[in-house]
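Here is what each chain is made of, one letter per residue.
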Amino acid sequence: MIEHDLDYVRIAKAIRYLDENATKQPSLDALADHVGLSKYHFHRLFKRWAGLTPKQFLQFLTVEMAKELLRRSESVLSTAYEAGLSGPSRLHDLFVVVEAMTPGEYKALGDGVQVRFGFVGTPFGEGLVAATERGICHFSFLTDGREAAFEGMAEAWPAADFVEDDPWATGTVSKMFAPPPRSGDPMRLHLRGSNFQIKVWEALLDIPFGAALTYGHLAELANTPGGARAVGSAIGANPIAYLIPCHRVLRAVGGFGGYRWGADRKVAMLLWEHGRATAG
């Protein structure tokens, strides 16, 4: 297992333990013992990985952390509206450019298209990334092994020619997880979905790093007020994890809610982003 994949496994295990035992206020010794590390090593790992100490995370775990993220995000909608956002004009245009498939391309199911792909380690476990010549078309975290991940990706492009390219995948994912401010050429996305789904995925790109919105607020941002349930379905169909940040959408009633690639991973990503957004 790649070292940072192993780090994520340990952090996820610690987060799960804290979530289940928060009312008991577990000690640093208990946490370190649970993940099989020395107290000193675990404290350094958690702080380096999350940007917070275990004690700081415990102080605002679960509902309180979710509430804080939502409080900090109150200005997201007003900022978006003031910027005149509509359709593809987004806050993150400097980093991500979306190009949707044409109806003809959608119908062709990838016929005549070459898709590069690769398996690669990330801060949140092993992932699978794929792209056409027009941009990234898939990114997912592995939950059931490489074969299942590849089959899930290939379902959207059944007639495509697949070429494995792990060095390209490593470079691409390294750029994906570079924290803001990012530099260089924007990352291009090649999306295959309905007009409504693409509209929701574009709205997700307006949620800043380290922030979060409710499903209802995202529906407003996507100009579909009252369509929180439909927005939730579109989020569930998101083909590009993390880069299209569906993990930043929370339940209005408190708590983080579910996540296609695992609730622990969602909490870990929000923790990781929060630590970096508030550092210094």
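Keep in mind it's a predicted model, so treat the numbers as computed, not measured. (Residues numbered from 1 in each chain as written. Predicted model: local features only at pLDDT ≥ 70, side-chain atom pairs only at ≥ 80, totals over all residues. Heavy atoms only, no water.)

Trainee: Any chance you could explain the pairing of strand 3 (residues 125-132) here in plain terms?
Mentor: Successive residues of a regular strand alternate their side chains across the two faces of the sheet. For strand 3, the tally of buried residues reaches seven of eight residues, placing the bulk of the element in the interior. Of the strand pairs in this sheet, strand 2 (residues 114-122) and strand 3 are connected by seven bridges, and their pairing is antiparallel. Residue pairing in the sheet places Arg-116 in a bridge with Ala-131 of strand 3. In this structure, the hairpin formed by strand 2 and strand 3 is closed by a connection of two residues. Examined bridge by bridge, strand 3 and strand 4 (residues 135-141) share six bridges and lie antiparallel to one another. Residue pairing for strand 4: Ala-130 is matched across the bridge by His-138. Hairpin connection of strand 3 to strand 4: two residues between the antiparallel strands. (Buried < 20%, exposed > 50% of the residue type's maximum accessible area, 1.4 Å probe, protein only. Helix = DSSP H or I, 4+ residues; strand = E, 2+ residues; numbered from the N terminus. Pairing = 2+ DSSP bridges.)

Trainee: Mind showing me how you'd approach the packing of aromatic side chains here?
Mentor: Any pair of aromatic rings gets described here by the distance separating the centres and the angle formed by the planes. Applying the stated criterion across every chain, the model contains 21 aromatic pairs. Judged by centre distance (5.0 Å) and plane angle (55°), the rings of Phe-117 and Phe-150 are tilted. Within this pair, whereas Phe-117 is found in strand 2, its partner Phe-150 is found in helix 8 (residues 146-154), the two being separated by 33 residues in sequence. Counting every residue linked through ring pairs, the aromatic cluster contains Tyr-8, Trp-49, Phe-124, Phe-139, Phe-141, Phe-177, Phe-209, Tyr-242, Tyr-259, Trp-261 and Trp-272. (Phe/Tyr/Trp six-rings, centres within 6.5 Å; stacked < 30°, edge-to-face > 60°.)

Trainee: Help me understand the pattern of salt bridges, please; the structure alone is not making it clear to me.
Mentor: A side chain with one charge may pair with a side chain of the opposite charge, provided their charged atoms come close. With the rule as written, the count across this model stands at seven salt bridges. Notably, a salt bridge pairs Asp-7 with Arg-48, separated by 3.5 Å at the nearest N-O pair. Of this pair, Asp-7 sits in helix 1 (residues 3-21) while Arg-48 sits in helix 3 (residues 39-50); the two residues are 41 residues apart in sequence, bridging distant segments of the chain. (Salt bridge = Lys/Arg side-chain N within 4 Å of Asp/Glu carboxyl O.)

Trainee: Whenever I open this one, the environment of Leu-191 confuses me. Can you help?
Mentor: Mapped onto the elements of the fold, Leu-191 is located in strand 6 (residues 187-191). Along the chain, Leu-191 and Pro-239 lie 48 residues apart, while their C-alpha atoms are 8.0 Å from each other.

Trainee: Explain the nonpolar core to me, please; I cannot follow it from the model alone.
Mentor: One broad rule of soluble globular proteins: the nonpolar side chains tend to lie buried together. The biggest cluster of nonpolar side chains holds 74 residues, and the ones touching the most others in it are Phe-124, Phe-141 and Leu-218. If one sorts the elements of this core by residue count, helix 1 sits on top with seven residues. Aside from chain neighbours lying at most four places away, what touches Phe-141 is Thr-122, Phe-124, Gly-125, Glu-126, Gly-127, Phe-177, Ala-241, Tyr-242, Tyr-259, Trp-261, Arg-265 and Met-269. Counting residues in hydrophobic clusters, the runner-up holds eleven residues, among them Cys-137, Ala-149, Trp-157 and Ala-160. (Core = buried A, V, L, I, M, F, W, Y, C linked by side-chain atoms within 4.5 Å. Contact = heavy atoms within 4.5 Å.)

Trainee: Honestly, the packing of helix 10 (residues 195-204) against helix 12 (residues 228-236) in this entry has me stumped. Any pointers?
Mentor: If you want to describe how two helices pack, look at the angle between their axes and the distance between the axes. Running from N to C, helix 10 and helix 12 cross one another at 85°; their axes reach a closest spacing of 9 Å. For the element pair helix 10 / helix 12, the angle class is roughly perpendicular. Along the contact surface, helix 10 presents Phe-196, Gln-197, Val-200, Trp-201 and Leu-204, while helix 12 presents Ala-230, Val-231, Ala-234 and Ile-235. Looking at side-chain class alone, the contact of helix 10 with helix 12 contains eight nonpolar, one polar and no charged residues. (Axes fitted to C-alpha atoms, helices over the stretch in contact; angles between N-to-C directions. Parallel < 35°, antiparallel > 145°, perpendicular 65-115°, else oblique. Nonpolar A, V, L, I, M, F, W, Y, C, P; charged D, E, K, R; others polar.)

Trainee: What's the story with the side chain of Thr-122 in this structure? I'm lost.
Mentor: Residue placement: Thr-122 occurs in strand 2. In terms of polar contacts, Thr-122 uses its side chain to reach the backbone amide nitrogen of Phe-124, at 2.9 Å. (Polar contact = N/O pair within 3.5 Å; in protein donor to acceptor, adjacent residues only side chain to side chain.)

Trainee: Help me out: how do you make sense of helix 8 in this one?
Mentor: Taken as a whole, helix 8 has its buried residues at Ala-149, Met-153 and Ala-154. The buried residues of helix 8 occupy an angular sector of 130° when projected down its axis, which confines them to one face. Buried residues belonging to helix 8 abut strand 2, strand 3, strand 4 and strand 5 (161-164). (Arc of directions from axis to C-beta.)

Trainee: I tried to follow the environment of Val-9 on my own but got confused; where do I start?
Mentor: Secondary-structure assignment places Val-9 in helix 1. Under the relative-accessibility criterion, Val-9 is labelled partly exposed at 40%. Taking the C-alpha atoms as reference, Val-9 lies 9.6 Å from Pro-123; in sequence the two are 114 residues apart.

Trainee: Hey, could you run me through unusual backbone geometry in this one?
Mentor: Outside of glycine, negative phi angles account for most residues, and trans bonds account for most peptide bonds. A positive phi is found at Gln-25, a non-glycine position, where the angle reads about 50°. Even without glycine at this site, Tyr-242 takes up a positive phi of about 65°. Note that Tyr-242 resides in the loop between helix 12 and strand 8 (249-250).

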